[in-house]
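# Analysis of the macromolecular model
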Amino acid sequence: MASQAKDLRAQLYYCTFFAPGTGPYVEVYLTFDGKSLEYKQLDNGNYQGAIEVTLKFYQKDSLIQSQNFIINSPETSDPDQMQEVLLNQERIALSNGDYEIEINVKDVNSDMQPIKAFYDLAIHYPNNTMSFSDVESITSIAESQAPGMFTKSGYDIIPYSSSYFPKNVETM
């Protein structure tokens, strides 16, 4: 069973925070529609999608930080029935300043060209003055059983990674 060429559907959202003793950082939330991935059959007979992500942070024309990683979908016996939304969160420590984020997203199993986008990012937390971090919308919060990608201060906090709030969403 081979999946057809599809247009990858992805969304990026971010929040900036300041942690005492650590300093400013940005959380980048990436959401992918599992139905928009192409799936490759594994040796065990199941199928899996994979997304290659490159995040680059620039100040003026200088590359300050770069991250490259792969996000794998859960394995499935039938990729046509995949309903999963894949969510990824990256925490990146950055100094105060103005940045440009470049993101490149590629479906590893597709011949389609990567998606490339740019976003402006401003981080300005003054020293010795009270300030507020961004407000993060979340879909759920629970006491953490084991530290993971979404764990903060002993809680698993699952971000709501969109600026769109449909009427059918009852809790956040």
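Nothing here was measured: the structure is a model prediction, and the numbers come from that model.

A tally of regular secondary structure across the protein gives 0 helices and 12 strands. Going from the N terminus to the C terminus, the protein shows its helices and strands as β-β-β-β-β-β-β-β-β-β-β-β. With respect to the principal axes defined by its C-alpha atoms, the protein has extents near 60 × 40 × 35 Å. Looking at the protein as a whole, 41% of its 172 residues qualify as buried. The contacts of the protein with a sequence gap of at least 6 include a subset with a gap of at least 24, amounting to 59%. Carbon and sulfur atoms provide 48% of the accessible area of the protein, an area that totals close to 10,500 Å². Averaged over its 11 positive side-chain charges, the protein has a centre that lies 4 Å from the centre of its 23 negative ones.

Here we come to the environment of Leu-30. Counting through the fold element by element, Leu-30 comes out in strand S2 (residues 23–33). Expressed as a C-alpha distance, the spacing of Leu-30 and Asn-88, which sit 58 residues apart in the sequence, is 5.1 Å. Every residue in contact with Leu-30, bar those within four places of it in the chain, is listed here: Gln-11, Leu-12, Val-53, Phe-69, Leu-86, Leu-87, Asn-88 and Ile-103.

Next up on the list: the sheet that holds strand S6 (residues 62–72). The antiparallel open sheet is built from 4 strands, whose spatial order is S6-S5-S8-S9. Sheet topology places S6 and strand S9 (115–123) at the edges, where each strand pairs with a single neighbour. Along the sheet, successive strands turn relative to each other by an average axial angle of 20°, direction set aside. Pairing of strand S8 (residues 97–107) with S9 involves 9 bridges; the strand directions are antiparallel. Bridge pairing in S9 places Glu-100 opposite Asp-120.

Here the focus is the sheet that holds strand S1 (residues 10–19). With antiparallel pairing, 3 strands are arranged side by side in an open sheet as S1-S2-S7. Each edge of the sheet is formed by a strand with only one pairing partner; in this case those strands are S1 and strand S7 (85–93). Here the average twist between neighbouring strands, direction ignored, is 20°. Bridge count between S2 and S7: 9 bridges; the pairing is antiparallel.

Glancing now at the confidence of the model for the protein. Averaged over every residue, the pLDDT of the protein is 86; the share at 70 or more is 90%. Counting contacts from residues 1–5, a segment whose pLDDT is below 50, to residues more than four positions away or on other chains yields 8 contacts.

To continue, consider unusual backbone geometry. Even without a glycine there, the phi angle at Lys-60 is positive, about 55°. Positionally, Lys-60 belongs in the loop between strand S5 (50–59) and S6. Look at Lys-60 and you get exposed, because its relative accessible area is 81%. The backbone of Asn-128 sits at a positive phi, close to 55°, despite the residue not being glycine. Tracing the chain through its elements places Asn-128 in the loop between S9 and strand S10 (138–143). Overall, Asn-128 belongs to the exposed group, its relative accessible area being 86%.

This next bit is on the nonpolar core. Judged by nonpolar contacts, the single largest core of 26 residues is most densely connected at Phe-32, Val-53, Leu-55 and Phe-57. If we ignore the near neighbours within four places in the chain, the residues touching Leu-55 are Leu-12, Val-28, Gln-65, Ser-66, Gln-67, Phe-69, Glu-90, Ile-92, Ile-101, Glu-102 and Ile-103.

The rules we used
- Residues numbered from 1 in each chain as written.
- Predicted model: local features only at pLDDT ≥ 70, side-chain atom pairs only at ≥ 80, totals over all residues.
- Heavy atoms only, no water.
- Helix = DSSP H or I, 4+ residues; strand = E, 2+ residues; numbered from the N terminus.
- Buried < 20%, exposed > 50% of the residue type's maximum accessible area, 1.4 Å probe, protein only.
- Contact = heavy atoms within 4.5 Å.
- Areas by Shrake-Rupley, 256 points an atom, 1.4 Å probe, with all protein chains shown as cover.
- Lys, Arg positive; Asp, Glu negative; His and termini not counted.
- Charge placed at Lys NZ, Arg CZ, Asp CG, Glu CD.
- Pairing = 2+ DSSP bridges.
- Axes fitted to C-alpha atoms, helices over the stretch in contact; angles between N-to-C directions.
- pLDDT = per-residue confidence, 0-100.
- Core = buried A, V, L, I, M, F, W, Y, C linked by side-chain atoms within 4.5 Å.

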